[in-house]
Structure formats: structure tokens, C-alpha cells
Amino acid sequence: MTDTHSPTLDAKIPEGPIQQRWDEHKFHTNLVNPANKRKYEIIVIGTGLAGASAAASFGELGYNVKVFTYNDSARRAHSIAAQGGINAAKNYPNDGDSIYRLFYDTVKGGDFRSRESNVYRLAQVSNEIIDQTTAQGVPFAREYGGLLDNRSFGGAQVSRTFYARGQTGQQLLLGAYQALSRQVNEGPVEVFTRSEMLEVVVKDDRAVGVIVRDLVTGEISAHSAHAVVLATGGYSNVYFLSTNAMNCNATAAWRAHRKGALFANPCFTQIHPTCIPASDEHQSKLTLMSESLRNDGRIWVPANADDSRAPNDIPEDERDYYLERQYPAFGNLVPRDVASRAAMRMIDQNRGIGPLKNGVYLDFNEAISRLGRDKIEERYGNLFEMYERITDEDPYVVPMRIYPAPHYTMGGLWVDYNLMTTIPGLYAIGEANFSDHGANRLGASALMQGLADGYFVLPYTIGDYLSDWLNTEPVATDDEAFTQAMAQVNEREERFLSINGTRSVDYFHRRLGHLMIEHCGLARSREGLEKAISEIRALRDEFWKDLKVLGTSESLNQSLERAGRVADFLELAELMCIDALEREESCGGHFRLEHQTEDGEAQRDDVDFSFVSAWEWINSNTSQTLHKEPLEFEYVPPSQRSYK
Amino acid sequence: MDLTLKVWRQANQDSEGEFKTYQAQNVSPDASFLEMLDEVNEHLNDQGEEPIAFDSDCREGICGACGVMVNGFPHGPQDGTATCQLHMRKFEDGDAITIEPWRATAFPVIRDLVVDRTPFDKIIQAGGYISINTGAARDANIIPVPKESADASMDAASCIGCAACVAACPNSAANLFTAAKMQQLNLLPQGNPERYTRAVAMVETMEEYFGSCTNHGECESACPKNISIDFIAMMNKDYVKAQFKNFERDAQIKGK
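Treat the numbers as computed from the prediction; the structure is a model and nothing was measured.

Asker: What is the right way to look at the overall build of chain A in this model?
Answerer: Looking only at helices and strands, chain A features 17 helices and 20 strands. What you see for chain A is a C-alpha radius of gyration of 24 Å, in line with the 26 Å of a compact globule of 644 residues. Along the longest, intermediate and shortest principal axes, the C-alpha atoms of chain A span 75 × 60 × 50 Å. For chain A, with 644 residues in total, the buried portion stands at 61%. A fraction of 75% describes how many contacts in chain A between residues 6 or more apart in sequence connect residues 24 or more apart.

Structure representation (C-alpha cells):
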């Protein structure tokens with residue numbers, strides 16, 4: 001079903017020249033005066049870059065904040081694993097960067113499927129993020145003069161990426177975690193660790209609280225607030241094997257979706273080109289090798305199919321540096337979707353390398369002879385060590401083997417310019433929302449967006465909603481809305497424990513992952529997606545009949561935790577395929593085999609598909625209704641993306 | 001590879017734990033240590049025995065969630081490697097492997113191999129930060145930081161908070177963890193205004209929960225990020241100097 005005239009999709013985009021929209025909007029936004037802020041309760045779910053930075057900033061402003069994380073400490077959130085860096089339009093290297101250029105590159109990199117106004121705001125606040133995090137003591141890389149160093153990332157022809165060795169995400173996350181810890185110490189923020197949100201509570205069409213499970217005791221508790229913020233990350237783990245952490249899941253977003261929040265562009269997923277290829281079927285996750293490696297590494301495959309010689313035995317003229325050949329302007333630094341698809345084409349031509357013929361080489365020999373081993377070690381030492389630990393091969397000598405792997409999801413909960421979902425009072429920030437990256441995210445932009453939302457956008461925009469609720473108490477947790485939601489959570493847990501089937505949670509998760517990567521991964525087709533949808537439905541039935549979860553709900557039970565997450569993935573996966581089927585075009589990470597140019601690039605259809613798909617849950621997965629938010633491009637006219 | 005595992009099983013914080021022996025068969029040398037445990041758990045689940053609980057998240061050696069004692073060594077035998085990055089090729093076919101949780105009074109066992117490391121958060125909350133509100137910062141390049149200081153700060157900042165240092169220490173001291181965060185901040189000009197108050201707050205909170213350092217150096221060799229105990233010496237220096245500081249008087253002088 002399609003409803004093109006939905007009254008629910010008012011994106012609240014300000015008018016006027018794009019350079020002034022954010023300032024104008026802030027000026028016209030209702031404020032909560034400093035003395036009144038302490039009368040409000042805000043719940044934040046998740047402590048990654050977006051959640052921790054938002055919660056810390058709320059605390060500084062004077063709001064009362066409750067923060068929940070399923071990890072044992074707020075410091076573990078998966079933002080910590082981001083390696084390469086964070087973009088900002090500082091133009092310190094004097095190479096022609098500007099806010100406008102960062103905006104332009106991001107809209108283009110997203111293949112014209114993001115909102116111009118949001119992206120412009122993101123580029124505007126990018127510089128403040130660097131100032132803020134530097135002041136927090138994030139030890140960014142510096143030059144000998146003591147000033148900040150930059151490097152390049154895919155999809156850009158300027159050096160605008162700030163970094164802290166190969167651990168930029170770790171350092172930015174710890175900075176936000178420390179800001180959060182300071183607010184815990186000062187009082188306004190309370191952090192609940194090992195606590196997983198399992199339901200959003202909605203009363204009178206607005207979000208009033210959450211239901212949470214204490215993962216140690218199993219206790220289910222209700223928490224109410226004036227507003228709820230979901231900062232719960234993406235859903236790449238729907239593929240089972242991805243670069244996400246083991247516990248990353250879609251449950252918070254999916255539960256919100258089932259309560260009425262529209263889910264936008266679920267089929268926009270990013271398959272990152274530089275991951276270590278899987279070695280065997282027991283592998284639990286894939287490890288990313290930072291995109292920054294493409295600054296100095298050269299990607300190649302043997303020129304001839306089925307060449308099984310060791311890489312260093314293949315002479316220079318029998319190698320195909322296919323990115324440099326096909327995309328001379330950007331070379332090895334083309335955006336991720338382009339690099340991943342190019343690798344896929346090479347592997348399809350039987351030119352893949354490694355024991356399973358499932359990789360391509362990322363070679364540093366030329367860079368080592370040009371710059372010396374010390375320089376390469378300084379830039380990428382920890383990444384090289386990690387690679388060697390996993391593969392038992394020395395990348396200083398033997399070229400790295402890399403392969404595309406699910407990494408990031410551009411889709412997520414639909415939000416307006418204020419970052420509010422279609423449920424009033426419920427916000428989604430960071431990877432959990434959909435707004436800024438369109439159909440493909442550029443490298444080093446996830447950290448930028450998470451911190452932009454948390455430090456510099458939501459702390460302003462949330463006041464606009466809260467000001468309407470001045471001097472009201474949060475809904476009492478013995479209200480029927482809460483008791484009903486608690487009953488739902490309890491009932492679901494009992495159901496998992498009483499199926500008493502024969503298969504573990506991981507068994508189903510692995511099978512779902514295989515289905516998704518095959519039919520809704522790098523390449524998609526009508527036939528494959530239709531097949532996937534029927535197989536996902538069958539798998540879901542089997543899951544609810546044959547799942548085996550041991551133990552009880554009154555203790556730490558990791559199988560029970562995973563059962564809930566996989567049950568939600570089994571529903572989300574279907575919506576991803578439905579969305580991919582509906583979108584009869586190729587754009588960014590969404591590549592429909594039916595829609596490609598002669599040389600195999602994504603073929604967009606701007607006439608029919610220049611919109612955001614926002615799906616509404618109506619009673620069941622099979623009756624999801626599509627709403628469309630039209631996209632307008634006033635500043636960056638859509639064009640066939642060219643990185644040649 | 002076929003292995004014999006002796007694993008600590010404990011139902012909850014209040015119950016008595018015990019070692020149980022399991023066989024791990026046909027283990028791939030390319031599997032990580034935690035993937036080997038995943039496999040064992042699949043078999044246990046099939047046989048109707050509850051899987052072994054252990055913490056793990058990123059499996060890239062950066063989040064610090066995982067960590068067990070492997071044959072008495074925190075994170076196992078490989079230098080500079082967290083448990084999730086340890087691979088089975090470091091073991092021999094037929095090996096017997098003992099797997100235990102971190103052992104420290106400050107870290108009660110929650111279940112099996114899972115412990116409660118909340119005291120680490122308390123140390124950071126006491127002062128492991130620079131007090132700056134969102135929006136108050138000036139341009140990032142206004143204060144140049146010598147590259148050497150930034151690099152040394154980054155060395156300290158690479159701590160992942162896994163608590164192997166505490167598990168390795170005969171006194172269950174947390175000095176390496178505390179010093180790493182404190183010196184990351186104290187080595188930078190941005191961290192200087194709170195240098196001595198930070199030293200006092202963090203050390204005193206640390207001492208509420210943990211034992212005292214007697215310079216064994218076990219923490220450094222157990223650290224998966226090879227963080228140097230030099231940072232402990234620097235912390236001690238800051239802490240001792242803080243004892244001779246008259247903070248109120250300093251504030252008055254600076255106020256003039």
C-alpha cells in the first residue's frame with residue numbers, strides 16, 4: 001500500500017537560503033529557560049557517540065537524564081571501534097575545503113537521496129565538533145608545529161579528516177563518555193548499565209517512557225519521562241556477519257516502529273570494501289580495516305582469471321589496479337559503494353584472491369618503498385598488527401586481503417529536522433535515524449553525524465517539544481500504558497523460554513544472515529528479493545516453533561537476550577527486502593541488477609524515486625504502508641555520480 | 001584441534017562456583033578464542049546445558065568488554081592481545097586450557113566468566129575528564145600541543161578499560177588503569193587546570209575499591225595495549241605534588 005499524501009511526514013525544513021536555515025530555525029525554536037530545565041526528565045537509550053554526547057549535553061543544560069545501555073559500561077558502545085577519523089570543514093590544510101564543499105560532497109556521496117537542509121547543518125556544525133573534542137582532551141594526531149593533522153578519505157578531493165591514530169572512534173567515544181561521567185558526578189545524569197530497552201511506551205500518541213530489562217537480575221522495570229531519545233545505532237547485524245559488535249541490534253528502533261514510528265529507507269545499507277575476508281563457517285564477525293588505508297594502499301587483482309600464484313610472484317604487468325584504471329580522478333579513494341561493487345565484479349570474473357577466492361589485494365609495497373616502513377608503521381601500525389593477529393600474515397611483506405562486508409546502515413527511523421520521529425516526544429539520533437547520508441555514507445562521516453546530533457543539534461531542538469509540557473509531571477509508571485507494555489515484554493520472554501525446540505538462536509541468525517547477504521546485500525534483483533521474502537517468512541515461522549532457549553528469565557541469560565534481538569531482525573529483514581523491491585532504481589549502496597549503466601554503475605531514477613521511503617507498521621509486517629517524503633535539490637543538482 | 005577445557009561455572013554472585021570440564025573438538029586453528037567458546041556453547045545448548053556466560057562485544061580488541069584468565073594469564077598467552085583477538089593457532093592440539101573470570105574483590109563474579117567492573121566507571125566519574133561544557137570551546141588550533149605530548153597522551157589514552165591489569169596484579173591494584181586516564185589528560189595543556197584536583201580525586205576513589213601498588217609490573221605485561229607503567233610514576237608524582245598544594249591559596253593567586 002502506498003500513501004503519498006501522508007499528513008504525518010512534515011519534515012519541518014526551514015525556509016530561506018540554506019546557509020541561514022539552521023540559525024533561523026534556532027531563533028524561532030521555543031526555549032526552556034535555565035531554571036525550568038530541572039523540571040524535565042529525559043530518557044536516553046544507548047551510550048555511543050550520539051547517546052553519550054546528547055546525555056552529557058542535556059545534563060550540562062540542567063535536564064534530569066536517565067541513560068540506559070546493555071553494556072557493562074557506557075564506554076563499550078560500538079562507536080569505539082571506528083578507526084579512521086572524523087570529517088570537518090576546517091580547511092586547515094588550505095586545500096580548498098569549505099562548509100559548502102563538505103555539504104556538496106556529502107549530498108553527492110549519498111547519491112542524492114538525503115535531505116539538503118540536514119546535510120548543510122551537519123557540515124556547519126562539523127567544525128564545532130573538532131573544537132569541542134579537542135578541548136575535552138581527545139589526543140588527535142598533530143604535526144611537529146603542534147597543530148592538528150589531517151588525512152584524506154573516500155569521496156573527497158581534500159584532506160579534511162581528523163584522526164587519533166587508527167582509534168579515532170575510541171578517543172571520541174571516551175571523550176563523550178568522560179563528559180557523561182562528569183555529569184554523573186555532578187548529579188543530573190544517572191546511567192543504568194546492563195539494562196536493555198525492550199519497549200517504548202506510548203500514551204495519547206506521544207512517547208512517555210520505556211520498559212527496561214535488568215540483564216543481571218532479569219527484573220523488568222518501567223521508566224517515564226517527558227521525552228525519549230533513541231541512540232541505538234544501526235542494524236548491520238541483520239546480516240549476522242558484519243563489522244558491528246556482537247550485541248548491536250535493532251530492537252529499540254524496531255519496537256518504536258511497531259509502536260508507530262515510521263522506518264525510513266531500510267534497504268539503504270553500506271557494504272564496506274575493506275574488511276578481512278571470512279576464513280570459515282564458524283566465524284562470528286568480520287573485522288574492518290580502516291578506509292584510511294586506501295590513502296597509501298593500492299588495490300589490485302591478477303589481470304588473468306584463476307591466477308593462483310602468491311601475490312609477490314605476480315609481476316607488475318600482470319596485475320590489474322582496477323580502481324586506478326577505472327576511476328583515474330579518485331583512484332583508490334572512490335566512495336565505499338563504488339569500491340565494493342568494483343571488488344564484487346572482479347570476484348565475479350574469477351579474479352578473486354586468497355584461499356576462498358573471495359578477496360582482493362590491498363598492497364603497501366609501493367608506499368613502503370616511497371615513504372619507508374617507519375612512516376607506514378606510524379600511520380597504520382595498529383591496523384597492521386590487528387591484521388596480522390587475525391590472519392597470521394605480515395602485511396608489510398604480503399599484500400593484505402580484503403573483502404566487502406556489511407558495516408553501516410543509512411536507513412533508520414524517520415526523523416524531521418528536529419530529529420523527532422513520527423511519535424511526538426520520541427527522538428532518534430546518530431546511526432539510528434536515516435537523515436544525513438542518503439543512499440551511501442562517506443567515510444569519517446558517521447562520527448561527525450553522531451556527535452553533531454548529540455552535542456549540537458538535539459540539545460537545541462528538544463526544547464521546542466519540551467516547552468509545551470512545562471509544569472507537567474511525567475506519566476506515572478503504574479498507568480495502564482506502562483503496565484500493558486510490561487505485560488507484553490514479560491509475555492514475549494516467557495514465549496521464548498517455553499518453545500523448547502531444538503535449535504539455538506545463533507542457528508537462526510546465521511541462516512537469516514546468509515539469506516540477506518545473498519539477496520539484499522551488494523546486489524539485489526526482483527527475483528532474489530521475492531525469494532528472500534518468502535524464505536524469511538518461513539524462517540520466522542520455524543524460529544517461533546523450533547527455538548531452544550535454556551535457563552530462566554530471572555538471571556543473566558545471554559541466549560534469551562539474543563532471542564529477542566533475532567526475533568526483531570527476522571521482521572526487519574523482511575521490510576528491508578520489501579523496500580529494496582519497491583525501489584526500482586539503483587542508488588548508492590542499493591544496487592538493483594535490473595538498473596545499471598552500461599559500465600555497471602548505479603542507474604538512478606530521479607523522476608520516480610527522488611523520495612524517502614518511510615514505512616508504517618499497521619498490525620503486521622505484511623501490511624506495511626509506504627509514505628513518501630519528496631526530496632528537493634535546490635543547491636546540488638542531481639547528476640550521474642562520476643568519480644572518473 | 002581437540003582441546004580439554006576447565007571452565008569456571010557460577011550461577012550468580014551469591015552462589016559457589018566450581019570448575020567443569022568440557023571437550024572442544026575439531027576446533028579450527030583460525031578460530032578466535034571466543035569463537036571456540038561460541039562453538040562449545042552451541043554444543044552445550046544442544047545437550048540441554050546452559051551455555052557459558054562471558055562478556056564480549058566488538059571482537060576487535062578495542063571495546064574492552066571481553067577478558068578471561070587463560071591458564072592463569074589475563075587474556076591468554078599472546079603479548080599485547082585481548083581475548084577476542086587471541087587465535088587458536090597459539091595453542092597445540094590436545095592442550096588442556098583453564099578458563100577463569102578476573103579474580104579481584106572489587107569485581108564480584110556475576111555469572112560464570114562475567115564480572116562487575118563498575119568501580120572503573122567510578123574512578124572516571126571522580127575526575128577522569130576535562131571540565132568543559134558543550135559549546136564552550138575555542139578553535140581547536142588555538143593551543144598548539146607539541147607532537148611528543150600528543151603522542152604520549154595517545155599512548156596512555158589507548159587503554160580499553162578491560163581490567164586485565166587488576167586481574168594480573170597480586171594486590172588487585174588499579175593503578176595502571178587510573179594512571180593511563182589521568183596522564184592522558186595531564187599531558188595535554190587542556191588538562192592542566194585540573195591536574196592536581198584530578199590526581200587527588202581519582203587516586204582517592206581508586207583506593208576505596210582497589211589494593212595498593214607495590215611495583216610488581218604485572219599490569220604492564222598483562223595489558224593488551226602494552227601501556228607503560230611509566231604512567232604510574234607520573235601519576236604518583238602528580239599525587240604527591242598535590243599533597244603540598246594549597247588549592248584555595250592557588251585560586252586566590254590566580255584570581256588576582
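Next comes the rest of the description.
Asker: For this particular structure, what's the right way to read the overall build of chain B?
Answerer: A tally of helices and strands in chain B yields nine helices and seven strands. Over its C-alpha atoms, taken along the principal directions, chain B stretches across nearly 75 × 40 × 35 Å. Here chain B holds 256 residues, and 52% of them are scored as buried. For chain B, the proportion of contacts with a sequence separation of at least 24, taken over those separated by at least 6, is 70%.

Asker: Would you explain the domain arrangement of chain B in this entry?
Answerer: Often the size quoted for an interface is simply the accessible area lost on bringing the parts together. Per the domain assignment, the segments making up chain B are domain 1 (3-111) and domain 2 (117-255). When each unit is reduced to the centre of its C-alpha atoms, the spacing between domain 1 of chain B and domain 2 of chain B is 31 Å.

Asker: Would you take a moment to explain the sheet that holds strand E2 (residues 41-45) of chain A for this structure?
Answerer: Picture the strands of a sheet paired through backbone hydrogen bonds; they go either parallel or antiparallel. Residue and element names in this part refer to chain A. Spatial strand order, E6-E3-E2-E10-E18: five strands in an open sheet with parallel pairing. The sheet terminates laterally at strand E6 (189-192) and strand E18 (426-428), the two strands that pair on one side only. Ignoring which end each strand starts from, the neighbouring axes of this sheet average 20° apart. Examined bridge by bridge, E2 and strand E10 (residues 227-230) share four bridges and lie parallel to one another. When the sheet's bridge partners are listed, Val44 is paired in E10 with Val229.

Asker: Please explain the nonpolar core as it appears in this structure.
Answerer: Soluble globular proteins tend to pack their nonpolar side chains together in the buried interior. Judged by nonpolar contacts, the single largest core of 287 residues is most densely connected at Val229(A), Leu230(A), Leu413(A), Tyr427(A), Cys165(B) and Val166(B). Considering each element in turn, this core owes the most residues, 13 residues, to helix H16 (residues 558-582) of chain A. In this view, Leu413(A) contacts Leu230(A), Ala253(A), Ala256(A), Ala261(A), Phe263(A), Ala264(A), Thr421(A), Ala428(A), Ala432(A), Asn433(A) and Phe434(A); residues no more than four positions away in its chain are not counted.

Asker: Would you mind going over the environment of Asp250(B) with me for this structure?
Answerer: By the secondary structure assignment, Asp250(B) is in helix H9 (residues 247-255). Along the primary structure Asp250(B) and Lys225(B) are separated by 25 residues, whereas in three dimensions their C-alpha atoms are 37 Å apart.

Asker: It is not clear to me how the pairing of strand E9 (residues 220-224) of chain A should be interpreted in this structure. Could you clarify?
Answerer: The side chains of a regular strand alternate, residue by residue, between the two faces of the sheet. Relative to E9(A), strand E8 (residues 206-214) of chain A runs antiparallel, the two being bridged by five bridges. In the sheet register, Ile211(A) faces E9(A), and the bridge partner there is Ala222(A).

Asker: How should the interface of chain B and chain A be read in this particular structure?
Answerer: At the interface, 64 residues of chain B touch 62 residues of chain A. Elements represented by at least two residues in the side of chain B that touches chain A include exactly helix H1 (33-46), strand E6 (109-111), helix H2 (118-127), helix H3 (147-157) and helix H5 (175-186) of chain B. For the side of chain B that touches chain A, the class distribution of residues is 25 nonpolar, 22 polar and 17 charged.

Asker: Sorry if this is basic, but what is going on with the domain arrangement of chain A here?
Answerer: All names here are of chain A. Here chain A is described as being made up of domain 1 (272-406) and domain 2 (483-609). The distance between the C-alpha centroids of domain 1 and domain 2 comes to 30 Å. Contacts between the two partners involve six residues from domain 1 and, on the opposite side, six residues from domain 2. Ranked by residue count, the leading element in the side of domain 1 that touches domain 2 is helix H9 (residues 336-348), at five residues. For the side of domain 1 that touches domain 2, the class distribution of residues is two nonpolar, one polar and three charged.

Rules used in this analysis
Residues numbered from 1 in each chain as written. Chains lettered and ligands numbered in written order. Predicted model: local features only at pLDDT ≥ 70, side-chain atom pairs only at ≥ 80, totals over all residues. Helix = DSSP H or I, 4+ residues; strand = E, 2+ residues; numbered from the N terminus. Rg over C-alpha atoms; globule rule 2.2 N^0.38 Å. Buried ≥ 20, exposed ≤ 12 C-beta atoms within 10 Å, placed from the backbone. Contact = placed C-beta atoms within 7 Å. Domains from an automatic or database assignment. Pairing = 2+ DSSP bridges. Axes fitted to C-alpha atoms, helices over the stretch in contact; angles between N-to-C directions. Core = buried A, V, L, I, M, F, W, Y, C linked by C-beta atoms within 7 Å. Nonpolar A, V, L, I, M, F, W, Y, C, P; charged D, E, K, R; others polar.

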